[in-house]
Structures are given as structure tokens and as C-alpha cells.
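A look at the structure
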Amino acid sequence: RGDGSLFIPAGTYDTQAKTVDLSLQMSRFDVDPYVQVLENAPFLHTPAGQGLRQALANFPEPRRGVIDGQLLVNGPVDDLNFGLGITGDALAVGGTSLNRVILDATWTKNSFNLPRLRVDAPGIHVNAFGELEPGKALGLTARLSDTEIASVIHLVSGIPSLRRSPVGQQILRGVDAF
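Described in the following lines is the structure provided in the data block. Quick caveat, the model's predicted, so the values are computed rather than measured.

**Notes on the overall build of the chain**
A tally of regular secondary structure across the chain gives five helices and eight strands. Within the chain, the proportion of its 178 residues that are buried is 31%. Counting only contacts in the chain whose residues sit at least 6 apart along the sequence, the fraction spanning at least 24 positions is 39%. Within the structure as shown, the chain displays about 10,700 Å² of accessible surface, and the carbon and sulfur contribution to it stands at 56%.

So this is what it looks like as C-alpha cells:
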């Protein structure tokens, strides 16, 4: 929307060792163009970026709002490590309003770690953390407070990617039980 900025406070590439160390900061950055840039990022077409590419492809539209955050990329070019920290207020994703989202995540080609996810939406207050490794089930712990079940059902049922995955179908069957 014209008032966002991207800043690279540090970045190096060692041509002999073929390693990268990069930090990218975002301030007042529009969500939708950010997701579109990420969807086309070259690292998403590497084994390390495959899981994130799939997640972004299933990211519900429309997506509106402004975020602040930081992306860290480091390690050998063929085995990169990524870190992402995002804070967003007054967001809308797939028709659902989110008052506040805080996300901290790290990933490599062998794992995805979610040390912090906080979602505040109308009737929903969730703090979660988790880990996903290839060939293993998602380990996720979520703490809810002052949360209405109807609001959770509305939020979860609006995620299209859940309908297409076996795990998502199990979650939705559990939600339908309410």
C-alpha cells in the first residue's frame, strides 16, 4: 500500500564455501503481495522449501492486512536453514478476521519447528507450538483461553487445505462432532 518497507540489514554469500547468511526485515508489509512474492521465491523449488511451498499454495484467499517481520536464511546453499518471525494486526484470511497473529518458525529440509504461534480472532485466543519431521505426525500443542467452540469450528472449517489432506479430514470430522 505504499508505506511498507523491506530492508536487508546483513547478507553474505561465500563463493568458495557456497554458504549464505542473510537477514531480511519487513515493516508494515501488505500480506497478499508478500505471500505472492514468497510463492515465486526460488528457494521454494528446493527440497528445503517444498513444505512451505505446499502450505502457501493452500493459503486461503482473500488475504488482507499488514505485517512486520524478519526472514533469516543461512547455511550451505544445498542445505539452507530458514527462520521467520511475523506479527500482524487486523488481518483477514479466507474471509476470517484475525485481530492479531504472532508466528515464529524455523525449518530445514528435514524439519519444521513452530516455537510460537499466537492467534487472536473474534471468540478465539490460541497459543501453540509444534514440530513436523518427514515421515512423522505433526506434534502440536495448543492452549486455548476465553475461546468459543463455534468460533474455532468456523475458523477451522474455512481452511481449504484441510479438506484435501487425510489429517485435515480427521480434524474436520472431529470438529463436525461438535
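**A word on the environment of aspartate 14**
One can find aspartate 14 in strand S1 (residues 5-14). Assessed through its relative accessible area of 36%, aspartate 14 is described here as partly exposed. For the pair aspartate 14 and proline 76, spaced 62 residues apart in the sequence, the C-alpha separation amounts to 9.3 Å. A distance of 2.9 Å separates the side chain of aspartate 14 from the backbone nitrogen of glutamine 16, its partner in a polar contact.

**Quick look at unusual backbone geometry**
One non-glycine residue with positive phi stands out, namely lysine 18, at about 55°. Its place among the elements puts lysine 18 in the loop between S1 and strand S2 (19-30). The residue alanine 90 is not glycine, and still its phi comes out positive at about 55°. With a relative accessible area of 62%, alanine 90 lands in the exposed category.

**Quick word on the packing of aromatic side chains**
Within the structure shown, the criterion is met by two aromatic pairs. Summarising the aromatic geometry, the rings of phenylalanine 82 and tryptophan 107 are spaced 5.3 Å apart at their centres and angled 15° between planes, so their arrangement reads as stacked. Pair noted here: phenylalanine 82 is in strand S4 (residues 81-93) and tryptophan 107 is in strand S5 (residues 96-107), with a separation of 25 residues, a long-range link. Residues phenylalanine 82 and tryptophan 107 agree in their burial class; the two are buried. Through a chain of ring-to-ring contacts, the aromatic side chains of Phe82, Trp107 and Phe112 assemble into a single cluster.

**Comments concerning the environment of glycine 139**
In this structure, glycine 139 sits in strand S8 (residues 139-144). Sequence separation between glycine 139 and leucine 114 is 25 residues, and the spatial gap between their C-alpha atoms is 9.8 Å. The residues touching glycine 139, leaving out its near neighbours within four places in the chain, are Phe129, Gly130 and Glu131.

**Considering the side chain of aspartate 120**
Its place among the elements puts aspartate 120 in strand S6 (residues 112-121). Judged by its relative accessible area of 11%, aspartate 120 is buried. A distance of 3.1 Å separates the side chain of aspartate 120 from the side chain of histidine 125, its partner in a polar contact. Aspartate 120 has contacts with Leu98, Asn99, Arg100, His125 and Val126, leaving out every residue within four places of it along the chain.

About the thresholds
- Residues numbered from 1 in each chain as written.
- Predicted model: local features only at pLDDT ≥ 70, side-chain atom pairs only at ≥ 80, totals over all residues.
- Heavy atoms only, no water.
- Helix = DSSP H or I, 4+ residues; strand = E, 2+ residues; numbered from the N terminus.
- Buried < 20%, exposed > 50% of the residue type's maximum accessible area, 1.4 Å probe, protein only.
- Contact = heavy atoms within 4.5 Å.
- Areas by Shrake-Rupley, 256 points an atom, 1.4 Å probe, with all protein chains shown as cover.
- Polar contact = N/O pair within 3.5 Å; in protein donor to acceptor, adjacent residues only side chain to side chain.
- Phe/Tyr/Trp six-rings, centres within 6.5 Å; stacked < 30°, edge-to-face > 60°.

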